[in-house]
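Notes for the structure review
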Amino acid sequence: MDSAPSAVTPEITQGPTDKHRRRVATAAALASAVEWYDYFVFGIAAALVLGELYFPAGSPSAGVLASFATFAVGFLARPIGGVIAGQLGDKRGRKPMLVMALTLMGLATTGIGLLPTYETIGIAAPLLLVLLRVMQGVAVGAQWGGAMLMATEYAPEGKRGLYGSLVQLGVPIGVVTANTVFLAAGAFTSESAFAAWGWRLPFLVGLLVLALAWYIHARVEETPAFKEAEQALAEQEKGDGDKRSPLRTILREHLGTVFLAGGSFAVNTATFYIIITGVLDYTTRHLHMERESVLMVSLCISLTQLALIPLSAALSDRIGRIRIYGLGAVGLLVWAVPMFLLIDTGSLLWLAVGTFVCSCFLSIMYGPQAALFAELFTAEMRYTGASLGYQIAAVAGGGLAPFVMVLLLELTGTSMSVSAYIILLAAVALISIKVLAGRAAAR
């Protein structure tokens with residue numbers, strides 16, 4: 001599933017040393033991890049405290065819905081970050097866009113940690129919270145493409161899937177660290193202190209992102225693939241000016257591929273946010289399970305993804321991206337109903353079993369996804385195309401998923417409605433994957 005081997009392979013096999021490749025891959029993985037940490041702490045806080053602190057009017061369900069709606073706003077902003085960074089990243093370089101994204105995320109996350117509540121400044125509090133969440137969304141929308149391309153465009157021949165998965169590891173690392181910090185904040189503060197100021201501590205860790213941004217700016221070089229594409233674009237612009245912008249090319253010639261990529265991935269991102277954010281609210285508010293215990297289950301499951309994601313990616317380097325990717329989508333479709341039947345028992349053990357099996361299928365899809373999306377587009381439009389596909393999925397799936405879950409539970413009174421939602425998205429994914437596979441075969 002490689003539509004542009006000539007754009008990547010030649011210069012990678014000649015230029016960078018193994019030591020330099022490892023440095024770049026490590027920096028990209030760290031960038032992804034700290035960005036996702038900052039992004040996920042908001043999701044956990046939205047499920048636990050933000051509703052009552054920033055949206056106090058109405059019922060508890062209304063407060064959680066408002067909080068999750070703010071959570072979703074960050075996803076709506078992600079395509080903006082993807083478009084801006086994609087356009088500039090395909091014309092000016094992967095590295096500066098990654099540095100910009102890290103800086104923006106660090107400032108936004110720290111701002112949330114310092115933001116006064118509704119009780120202190122009234123309506124300005126939720127408005128500023130939404131604004132800072134939009135900044136987080138723009139930042140993570142810009143980050144993924146930059147980090148993913150820094151890793152995959154430096155990858156040795158035959159290891160693009162594995163190198164791309166190092167960036168994907170940022171998600172479980174972000175979940176583990178976010179949950180760990182929240183658990184620590186809860187353990188060392190009383191209930192009243194946690195609600196008053198303890199929840200802010202995980203957000204103030206966002207200051208560390210700024211140090212990583214400086215390191216990447218100072219110590220990491222631009223990718224060889226971009227340098228080659230930059231030369232080609234410079235020659236092209238001599239002939240027809242700036243008419244062939246990456247965004248314009250994507251919208252005119254490759255929009256179908258972008259939507260197929262998004263459709264193939266929406267079930268993954270939606271299910272992921274359901275099990276780490278929606279289930280946290282559902283189990284603590286509806287099933288009356290303890291917050292710390294549910295957070296610990298989420299943390300342990302994310303640790304298993306640290307092994308499964310690179311394993312599935314490495315396997316995709318051997319037997320093909322589409323085959324592994326499709327297997328994960330089938331698993332999510334089949335497991336959607338059993339998972340919630342287990343969760344509804346209210347047992348911590350069965351919660352762990354249900355979400356663990358689900359996370360295995362998520363990992364099987366997520367491991368090869370970075371390389372798969374990179375290979376759908378040539379180097380001169382890869383940042384824009386891959387970012388748009390990913391962020392469309394994030395909006396259609398992840399951003400709305402916790403909100404949709406709470407709404408479905410309120411309207412139907414049964415978790416089977418959430419299972420049906422996952423099954424519908426999985427069916428869309430399988431159709432999209434089948435079309436992408438057909439196009440690959442035709443090429």
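Residues numbered from 1 in each chain as written. Predicted model: local features only at pLDDT ≥ 70, side-chain atom pairs only at ≥ 80, totals over all residues. Heavy atoms only, no water.

As named in an unreviewed UniProt entry, the protein chain is MFS transporter, taken from Streptomyces cavernicola. Database annotation for the protein chain, UniProt heading Subcellular location (unreviewed entry): "Cell membrane". (UniProt positions renumbered as here; feature names shortened; annotations may be inferred.)

Describing the overall build of the protein chain
Within the protein chain, the regular secondary structure consists of 20 helices and zero strands. Burial status across the protein chain gives 58% buried among its 443 residues. Long-range pairs, those at least 24 residues apart, make up 87% of the contacts in the protein chain between residues at least 6 apart in sequence. When the accessible surface of the protein chain is split by element, carbon and sulfur atoms take 68% of a total near 16,500 Å². (Helix = DSSP H or I, 4+ residues; strand = E, 2+ residues; numbered from the N terminus. Buried < 20%, exposed > 50% of the residue type's maximum accessible area, 1.4 Å probe, protein only. Contact = heavy atoms within 4.5 Å. Areas by Shrake-Rupley, 256 points an atom, 1.4 Å probe, with all protein chains shown as cover.)

As for the side chain of arginine 200
Of note, arginine 200 is situated in the loop between α9 (191-196) and α10 (201-204). Looking at arginine 200, its side chain comes within polar contact range of the main-chain oxygen of glycine 113, at 3.0 Å. (Polar contact = N/O pair within 3.5 Å; in protein donor to acceptor, adjacent residues only side chain to side chain.)

Let's talk about unusual backbone geometry
If you check the backbone angles, histidine 288 has positive phi at about 60 degrees while not being a glycine. A relative accessible area of 66% places histidine 288 in the exposed class.

Quick look at the confidence of the model for the protein chain
Predicted confidence across the protein chain gives a mean pLDDT of 83, with 90% of residues reaching 70 or more. The least confident element of the protein chain is helix α1 (residues 9-14), whose mean pLDDT is 40; the most confident is helix α16 (residues 321-343), at 95. Contacts of residues 1-13 to residues separated by more than four positions or lying in other chains number 42 contacts, the stretch itself having pLDDT below 50. (pLDDT = per-residue confidence, 0-100.)

Re the environment of proline 202
You can see proline 202 is positioned in helix α10. Between the C-alpha atom of proline 202 and that of asparagine 179, which follows or precedes it by 23 residues, the distance is 9.2 Å.

Concerning the pattern of salt bridges
Under the counting rule described, the total for this entry stands at five salt bridges. The shortest N-O distance in the salt bridge between aspartate 317 and arginine 321 comes to 2.7 Å. For aspartate 317, a relative accessible area of 23% gives the class partly exposed. Residue classification places arginine 321 among the buried positions, given a relative accessible area of 8%. Several salt bridges converge on common partners, so that one network encompasses Arg160, Asp317, Arg321 and Glu375. (Salt bridge = Lys/Arg side-chain N within 4 Å of Asp/Glu carboxyl O.)

Some thoughts on the environment of glycine 89
Within the secondary structure, glycine 89 sits in helix α3 (residues 60-92). For glycine 89, a relative accessible area of 0% gives the class buried.

Re the packing of aromatic side chains
Applying the stated rule across the entire model yields ten aromatic pairs. The interplanar angle of 90 degrees and the centroid separation of 6.2 Å between the aromatic rings of tyrosine 54 and tryptophan 199 together place this pair among those described as edge-to-face. Taken together, the residues span a long stretch of sequence, with tyrosine 54 in helix α2 (residues 18-54) and tryptophan 199 in the loop between α9 and α10 at a distance of 145 residues. Judged on exposure class, the residue tyrosine 54 and its partner tryptophan 199 are both buried. Among the aromatic residues, those joined into a ring-pair cluster are Trp144, Phe265, Tyr366, Phe373 and Tyr390. Sitting above the plane of the phenylalanine 42 ring, arginine 133 keeps its charged end 4.5 Å from the centroid. Just above the ring of phenylalanine 194 sits the side chain of arginine 291; from NZ or CZ to the centre is 4.6 Å. (Phe/Tyr/Trp six-rings, centres within 6.5 Å; stacked < 30°, edge-to-face > 60°. Lys NZ or Arg CZ within 6 Å of the ring centre and 35° of its normal.)

Brief notes about the packing of α2 against helix α4 (residues 94-114)
Two elements in contact, α2 and α4, have axes whose closest approach is 10 Å; the angle formed by their N-to-C orientations is 30 degrees. By the angle between their directions, the pair α2 and α4 is classed as roughly parallel. Between α2 and α4 lies a crossing whose hand is left-handed. On the side of α2, the interface is formed by Ala31, Val34, Glu35, Asp38, Tyr39, Val41 and Phe42, while α4 contributes Leu98, Ala101, Leu102, Met105, Gly106, Thr109 and Ile112. Residue composition of the contact of α2 with α4, grouped by class: ten nonpolar, two polar and two charged. (Axes fitted to C-alpha atoms, helices over the stretch in contact; angles between N-to-C directions. Parallel < 35°, antiparallel > 145°, perpendicular 65-115°, else oblique. Left-handed = near helix turned anticlockwise from the far one by under 90°. Nonpolar A, V, L, I, M, F, W, Y, C, P; charged D, E, K, R; others polar.)

Let's talk about the environment of valine 258
Tracing the backbone shows valine 258 in helix α14 (residues 255-286). For the pair valine 258 and serine 387, spaced 129 residues apart in sequence, the C-alpha to C-alpha distance is 8.9 Å. In contact with valine 258, other than residues within four places in its own chain, are Ile250, Phe377, Gly385, Leu388, Gly389 and Ile392.

Structural notes on the packing of helix α19 (residues 401-412) against helix α20 (residues 416-442)
α20 packs onto α19 with a crossing angle of 140 degrees between their chain directions and a minimal axis gap of 8 Å. By the angle between their directions, the pair α19 and α20 is classed as oblique. The chirality of how α19 crosses α20 is right-handed. Facing α19, whose interface residues are Ala401, Val404, Met405, Leu408, Leu409 and Thr412, α20 presents Ser417, Val418 and Tyr421. Taken together, the residues of the contact of α19 with α20 sort by class into seven nonpolar, two polar and no charged.

A look at the nonpolar core
Core analysis: the largest hydrophobic core is formed by 110 residues, its most contacted members being Phe40, Tyr54, Trp199, Tyr273, Ile274, Phe340 and Phe373. Leave out the neighbours within four places in its chain, and phenylalanine 340 touches Ile274, Val279, Met405, Ser415, Met416, Val418, Ser419 and Ile422. (Core = buried A, V, L, I, M, F, W, Y, C linked by side-chain atoms within 4.5 Å.)

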